[in-house]
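Observations on the three-dimensional arrangement
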Amino acid sequence: MARSAQINRKTKETDISLTLNLDGRGESRLDTGIGFFDHMLDGFARHGFFDLTCKVNGDLEVDGHHTVEDTGIVLGQAVRQALGDKKGIRRYGSFILPMDETLALCALDLSGRPYLNFVCPFSTSRVGYLDTELVREFFYAVSYSAGMNLHLKILDGNNNHHMIEALFKAFAKALDQAVTLDPRIQDVLSTKGSL
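Residues numbered from 1 in each chain as written. Predicted model: local features only at pLDDT ≥ 70, side-chain atom pairs only at ≥ 80, totals over all residues. Heavy atoms only, no water.

The following threshold applies: UniProt positions are given in the numbering used here, feature names are shortened, and annotations may be inferred rather than shown by experiment.
If you look the chain up in an unreviewed UniProt entry, it shows as Imidazoleglycerol-phosphate dehydratase from Candidatus Acetatifactor stercoripullorum. Here is the UniProt Pathway (unreviewed entry) comment for the chain, exactly as written: "Amino-acid biosynthesis; L-histidine biosynthesis; L-histidine from 5-phospho-alpha-D-ribose 1-diphosphate: step 6/9." We quote the UniProt Sequence similarities (unreviewed entry) comment for the chain here in full: "Belongs to the imidazoleglycerol-phosphate dehydratase family."

**With respect to the overall build of the chain**
Short version of the rule: Numbering goes from the N terminus for both helices and strands, where a helix is a DSSP run of H or I of at least four residues and a strand is a run of E of at least two. For the radius of gyration, the atom set is restricted to C-alpha positions; the globular benchmark scales as 2.2 Å times the number of residues to the power 0.38. Note on classification: 1.4 Å probe, protein chains only; a residue is buried when its accessible area is under 20% of the maximum for its type, exposed when over 50%, partly exposed between these limits. The contact criterion used is simple: two residues touch if any of their non-hydrogen atoms lie within 4.5 Å. The method behind every accessible area is Shrake-Rupley, applied with a 1.4 Å probe, and residues are considered shielded solely by the protein chains displayed. Charged-residue counts in this description rest on Lys and Arg as positive and Asp and Glu as negative, His and the chain ends being excluded. Charge coordinates come from a single atom per side chain, which is NZ of Lys, CZ of Arg, CG of Asp or CD of Glu.
For the chain, the helix and strand inventory stands at four helices and 10 strands. Listing every helix and strand of the chain by position from the N terminus yields β-β-β-α-β-α-β-β-β-β-β-α-β-α. The C-alpha radius of gyration computed for the chain amounts to 16 Å, which stays within 12% of the reference 16 Å derived for 195 residues, consistent with globular compactness. On the principal axes, the C-alpha backbone points of the chain span a range of 50 × 40 × 30 Å. Residues classed as buried in the chain amount to 50% of the 195 residues present. A fraction of 76% describes how many contacts in the chain between residues 6 or more apart in sequence connect residues 24 or more apart. Accessible surface computed for the chain: about 9,200 Å², of which carbon and sulfur atoms make up 48%. Separation of charge centres in the chain, based on 21 positive and 25 negative side chains, amounts to 8 Å.

**A few points about helix α2 (residues 65-83)**
Each turn of an α-helix holds 3.6 residues, which means side chains three or four residues apart point in the same direction. Here is the rule we go by: One less than the residue count of a helix, multiplied by 1.5 Å, gives the span that helix is expected to have.
A rise of 1.5 Å per residue sets the reference length of α2, with its 19 residues, at 27 Å; its end C-alpha atoms lie 27 Å apart and thus fit the reference within 8%. By the criterion of burial, α2 is predominantly enclosed, with 14 of the 19 residues buried. Of the residues flanking the end of α2, it is glycine 84, one or two places downstream, whose phi is positive at about 60°.

**Considering the sheet that holds strand β10 (residues 149-156)**
Put simply, the rule is: Paired strands, in this sense, are two strands between which DSSP finds at least two bridges. Axis lines are fitted through C-alpha atoms, for helices just across the contact stretch, and the angle between N-to-C directions can take any value from 0 to 180 degrees.
Strand order in the open sheet made by the four strands is β5-β6-β10-β7, with mixed pairing throughout. The open sheet has two free edges, formed respectively by β5 (92-99) and β7 (115-119), since each of these has just one partner strand. Sheet twist, expressed as the average angle between the axes of neighbouring strands with direction ignored, equals 10°. In this structure, strand β6 (residues 102-109) lies alongside β10, joined through seven bridges in antiparallel fashion. Paired with aspartate 109 across the strands is asparagine 149, a residue of β10. Across the sheet, helix α3 (residues 133-146) touches β7 and β10, and the angle it forms with β7 is around 160°. Relative to the sheet, helix α4 (residues 160-179) contacts β5, β6, β7 and β10, its axis offset from that of β5 by approximately 150°.

Put into structure tokens, the structure is as follows:
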């Protein structure tokens, strides 16, 4: 049975419809109104083998903040819903991803306790039509709505496009590890008995 979720969220600032299949093939259909953000979400889906559709109508006449942050909220909700009781998952995932001169690290724990540690020294304010400061806002929203302990760090790099793309791909690979079902885990991977 596929582990999937469909989330619809509408506020005065954004109207989002998102579906996520954790057991997918890396296929995506994306329209957030921000081309570079779509490119990053496509990389996330493809490299994590997640099927993702996301349609966002946001107040881009203001700026991209609400669109990016609210998409993170909805994606985090979808991850949490698709995982259900988390029985049998590996829970932890980590990946160090090289992309040309850039080296990005992602480590995460699907513990139910949200936390974000984000160390990424961007040197420009924008890549395409995405404000670089919104990358942190996106991952903060994902981590808190999914209940995920998430560490993201740029270990080396100077091209901002490469740094952001490496973060999204490293996140995808680490999340793929964490949500993988392991036949050795009969219940949940916790001494507490629940996550």
